[in-house]
Amino acid sequence: MGRRDLLLGALVATMGVFLAAPPALAEDYRELDWNDLLPPGELENLAKQKVLAFRRAAPHGSLDDTGPMNAIQPGTFKTVEALDGQKVILKGFVVPLDFTAGKATTFLLVPYYGACIHAPPPPPNQTILVRSQHPVAMANLSSAMEAKGVLVVSTNTSEMGDSAYLLKLDSLGKVGS
């Protein structure tokens, strides 16, 4: 084998490294905006429904009959099916559903602070039920959080608000940390 053959072999091997598919990154999550969860046409319908929902809410964000928040929740359960099973990142605010000793394994992730606590909650297709294998610290509920996990199209109900998606949580951290 001559020098030319060695150089040619080395060149082919080097090109193979550059032409091969890139390795999967540990952080191969798709960052979503809250409107990415809405199918086409849903945003326009939501604007109309929000006006009606705010009219039904009592002052200071409570219902006159102290009923569940999902009773005045605008919107629909229409989803973006292409997101089902995707690894995603969403930034939002946490509403604990099973709060024990400052931790929760089940909570809602919502697009704005005070949602589901003050009326009305976001629509089901912009409210995400989050489930974690392990209890997650809920230190400051007024801080925006970044949730990473697998998004699943799934209808869920709670008194704090209904959801059209479920996030199987991989990690939760404060935005910007």
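For the structure itself, look to the data block above.
All figures in this text were calculated on a predicted structure; none of them were measured in a lab.

Caption draft 1: Representation of the overall build of the protein chain in the model. What the protein chain contains, in helices and strands, is two helices and six strands. Each helix and strand of the protein chain, placed in order from N terminus to C terminus, yields the pattern α-β-α-β-β-β-β-β. Residues counted as buried form 38% of the 177 residues belonging to the protein chain. Summarising the internal contacts of the protein chain: among those between residues at least 6 apart in sequence, 71% fall at separations of at least 24. Total accessible area on the protein chain stands at roughly 10,400 Å², and carbon and sulfur atoms take up 58% of it.

Caption draft 2: Quick look at the pattern of salt bridges. Across all of its chains, the model carries three salt bridges by this definition. When the shortest N-O distance is used, the salt bridge between Lys 91 and Glu 146 registers 4.0 Å. Linking Lys 91 in strand 2 (residues 87-96) with Glu 146 in strand 5 (residues 145-156), this pair joins segments that are 55 residues apart in sequence. We classify Lys 91 as partly exposed; its relative accessible area is 34%. The class of Glu 146 is partly exposed, set by a relative accessible area of 24%.

Caption draft 3: Geometry of the side chain of Gln 126. Residue position: Gln 126 is located in the loop between strand 3 (103-110) and strand 4 (128-137). According to the relative accessible area criterion, Gln 126 is buried, its value standing at 6%. With sequence-adjacent residues up to four places away left out, Gln 126 is seen in contact with Trp 34, Asn 35, Leu 37, Leu 38, Leu 46, Leu 109, Val 110 and Pro 111.

Caption draft 4: Structural detail: the packing of aromatic side chains. The tally for this structure, following the rule as stated, stands at one aromatic pair. Taking 6.0 Å as the distance between ring centres and 65 degrees as the angle between the ring planes, the aromatic pair formed by Phe 93 and Tyr 113 counts as edge-to-face. Linking Phe 93 in strand 2 with Tyr 113 in the loop between strand 3 and strand 4, this pair joins segments that are 20 residues apart in sequence. A residue is classified by how much of its surface remains accessible, and Phe 93, at 16% relative accessible area, is buried. Taking NZ or CZ as reference, Lys 87 lies 4.7 Å from the ring centre of Tyr 29, over its face.

Caption draft 5: Region of the structure containing the pairing of strand 5. Here strand 2 runs beside strand 5; their pairing, made up of six bridges, is antiparallel. When the sheet's bridge partners are listed, Lys 87 is paired in strand 5 with Val 150. Strand direction decides the pairing type here: strand 5 and strand 6 (residues 163-174), joined by ten bridges, are antiparallel. Each bridged residue has a counterpart across the sheet, and for Gly 149 the counterpart in strand 6 is Leu 169. Two successive antiparallel strands, strand 5 and strand 6, enclose a turn made up of six residues, where Gly 161 displays a positive phi of approximately 150 degrees.

Caption draft 6: Broad picture of the nonpolar core. In this structure, Leu 37, Leu 109, Ile 128, Leu 151 and Leu 167 are the most contacted members of the largest nonpolar core, which totals 21 residues. The set of elements that each furnish at least two residues to this core consists of strand 2, strand 3, strand 4, strand 5 and strand 6. Looking at this core element by element, the count peaks at four residues for strand 6. Residues Phe 93, Leu 108, Leu 129 and Leu 166 belong to the second largest nonpolar core, which totals six residues.

Caption draft 7: Main features of the environment of Pro 111. Take Pro 111: it is sitting in the loop between strand 3 and strand 4. Along the backbone, Pro 111 and Asn 35 are 76 residues apart, and their C-alpha atoms lie at a distance of 9.7 Å. For Pro 111, the contacting residues outside a window of four places in its chain are Trp 34, Phe 93, Pro 122 and Gln 126.

Caption draft 8: Highlighting the pairing of strand 6. Note that strand 4 and strand 6 share four bridges and pair parallel. Bridge pairing links Val 130 to Leu 167 in strand 6.

Caption draft 9: The arrangement of unusual backbone geometry in detail. One non-glycine residue, Ala 101, adopts positive backbone phi at about 50 degrees. Locating Ala 101 in the fold gives a position in the loop between strand 2 and strand 3.

Cut-offs and rules
Residues numbered from 1 in each chain as written. Predicted model: local features only at pLDDT ≥ 70, side-chain atom pairs only at ≥ 80, totals over all residues. Heavy atoms only, no water. Helix = DSSP H or I, 4+ residues; strand = E, 2+ residues; numbered from the N terminus. Buried < 20%, exposed > 50% of the residue type's maximum accessible area, 1.4 Å probe, protein only. Contact = heavy atoms within 4.5 Å. Areas by Shrake-Rupley, 256 points an atom, 1.4 Å probe, with all protein chains shown as cover. Salt bridge = Lys/Arg side-chain N within 4 Å of Asp/Glu carboxyl O. Phe/Tyr/Trp six-rings, centres within 6.5 Å; stacked < 30°, edge-to-face > 60°. Lys NZ or Arg CZ within 6 Å of the ring centre and 35° of its normal. Pairing = 2+ DSSP bridges. Core = buried A, V, L, I, M, F, W, Y, C linked by side-chain atoms within 4.5 Å.

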